Amino acid sequence: MTIYISPNPGKTSANEIALRAAQILMNHGAAVLMCEQPRTSCSTAGVFYLPLEECLEQADVILTIGGDGTILHEANLSLRYAKPILGINLGRCGFLATCEVSEMEAKLSAVARGEFSVDNRMLLYVRVLGHDGWEGHALNDVVVTKGRLQQAIDFSIYCDDILVEHYRGDGVIVATPTGSTAYSLAAGGPILDSQTKGVVVTPICPHSLASPAMVFAQERKLNICVGQVADDEVFISCDGRAGCPLKAGATAEVRLSDQVVKLITFGKADQFQAIDQKIRSRR
């Protein structure tokens, strides 16, 4: 088993945890790869330091050290390699990072032995129609939102080219079941089982007393049409990455991607354990 370890450079303890993880994996017979870039601050005997593309090509598993944002970043970088990802959680919540620091010995030794399951998570593919040609993939969500605090904007939602809803507010979120516990949940959307074959559309601060979130089958094609607003005051983004400005009248098409992200899991109830431990515990 060959493991590529990717620590988040923005987390103060990430390098230390990465070295501990590398030692556990090597002690259980795994080969460990890391990028050349953090070698000066994260160096230890036995680890092979290679360019990023070689790490992604040679690895059987990607191990991220950080929070869910680190997993989202790595999933986007490694999309064409389709390698399973396990995250060690250093973040505040960590729904996708299913290994806590206290669980490293047990779970990493299992990974080194190949004793884990892979959960295929659906991705959204989005493109802005017209000559701009912007496109992206999202494991969590596609978000269209306003740029100015004082400005509300109009959105029309079409499902398979049929108008199903019109919102006026701060924006709209199209979330996968994976992303239903992220921004969509904070905006009042439902939690979807990660195995649900659907997407949830959640308005952000709608100017209405009756603008519920809606759940659509994953095979549907959704179009988000932007109403009359000042140019470059509406933005579209995938998983919180830097996005693209939308002009008045622009349409973003969102549909199921033909690719998936593989997340390592050790039990069928991992998602619900995370909900129980990381949401309910904050009441």
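As recorded by an unreviewed UniProt entry, the protein carries the name NAD kinase and is attributed to Faecalibacterium langellae. As stated in UniProt under Sequence similarities (unreviewed entry), the record for the protein gives "Belongs to the NAD kinase family."

1. Things to note about the pattern of salt bridges
Applying the stated criterion across every chain, the model contains eleven salt bridges. As a salt-bridge pair, D154 and R168 come within 3.0 Å of each other at their nearest N and O atoms. One end of the pair, D154, is in strand β10 (residues 153-159); the other, R168, is in strand β11 (residues 162-169), with 14 residues separating them in the sequence. Classification of D154 by relative accessible area gives partly exposed; the value is 21%.

2. Overview of the UniProt feature "binding site: NAD(+)" (unreviewed entry) in the protein
The positions that UniProt labels "binding site: NAD(+)" (unreviewed entry) are, in the present scheme, D68, G69, H73, N140, D141, R168 and D170. What stands out for the annotated residues spanning 103 residues is how far apart their C-alpha atoms range, the widest pair being 30.9 Å apart. With a relative accessible area of 10%, N140 lands in the buried category. Leaving out residues up to four positions away in the same chain, N140 has contacts with L72, L96, V174, A175, T176, T178, G179, A182 and D239. Tracing the sequence through the fold places D170 in the loop between β11 and β12 (171-175). Taking the relative accessible area as the measure of exposure, D170 reaches 19% and is therefore buried. When neighbours within four sequence positions are excluded, D170 is seen to be in contact with V144, T145, K146, I153, F155, I204 and C205.

3. Some remarks on the domain arrangement of the protein
We note that the domain assignment places domain 1 (2-116 + 266-282) and domain 2 (123-258) within the protein. Computed over C-alpha atoms only, the centres of domain 1 and domain 2 are separated by 30 Å. With nine residues of domain 1 at the interface, the matching set in domain 2 holds 14 residues. Between domain 1 and domain 2, a total of about 910 Å² is buried, with carbon and sulfur atoms accounting for 70% of that surface. Inspection of the region where domain 1 meets domain 2 yields zero salt bridges. Listing elements by their share of the side of domain 1 that touches domain 2, those giving two or more residues are α3 (68-77) and α6 (270-278). Here the residues of the side of domain 1 that touches domain 2 are counted per class, giving seven nonpolar, two polar and no charged.

4. Considering the pairing of strand β14 (residues 214-217)
Where burial is concerned, the two faces of β14 differ: the one with M214 and F216 is buried and the one with V215 and A217 is not. One ladder, built from four bridges, connects strand β13 (residues 198-204) with β14; its direction is antiparallel. Bridge pairing links V200 to V215 in β14.

5. As for unusual backbone geometry
Despite not being glycine, C205 has its phi angle at roughly 50°, a positive value. Considering the arrangement of structural elements, one finds C205 in the loop between β13 and β14. Overall, C205 belongs to the partly exposed group, its relative accessible area being 48%. In this model, D239 sits at a positive phi of 55°, which is unusual for a non-glycine residue. Note that D239 resides in the loop between β16 (234-238) and β17 (244-246).

6. Section: helix α1 (residues 14-27)
Its 14 residues place the ends of α1 20 Å apart at the C-alpha level, agreeing with the 20 Å of an ideal helix rising 1.5 Å per residue. Within the sequence span of α1, burial applies to A14, I17, A18, A21, A22, I24 and L25. Projected down its long axis, α1 shows its buried positions confined to an angular sector of 165°, all on one face. Taken together, the buried residues of α1 touch β1 (2-7), β2 (31-35), β4 (61-66), β5 (85-89) and α4 (104-112).

7. Focus: the UniProt feature "active site" (unreviewed entry) in the protein
UniProt tags D68 as "active site" (unreviewed entry). Along the polypeptide, D68 turns up in helix α3. Setting aside residues up to four positions removed in sequence, D68 forms contacts with G94, F95, L96 and A97.

What counts and how
Residues numbered from 1 in each chain as written. Predicted model: local features only at pLDDT ≥ 70, side-chain atom pairs only at ≥ 80, totals over all residues. Heavy atoms only, no water. UniProt positions renumbered as here; feature names shortened; annotations may be inferred. Salt bridge = Lys/Arg side-chain N within 4 Å of Asp/Glu carboxyl O. Helix = DSSP H or I, 4+ residues; strand = E, 2+ residues; numbered from the N terminus. Buried < 20%, exposed > 50% of the residue type's maximum accessible area, 1.4 Å probe, protein only. Contact = heavy atoms within 4.5 Å. Domains from an automatic or database assignment. Buried area = accessible area lost by both parts, 1.4 Å probe. Nonpolar A, V, L, I, M, F, W, Y, C, P; charged D, E, K, R; others polar. Pairing = 2+ DSSP bridges. Expected span 1.5 Å × (residues − 1). Arc of directions from axis to C-beta.

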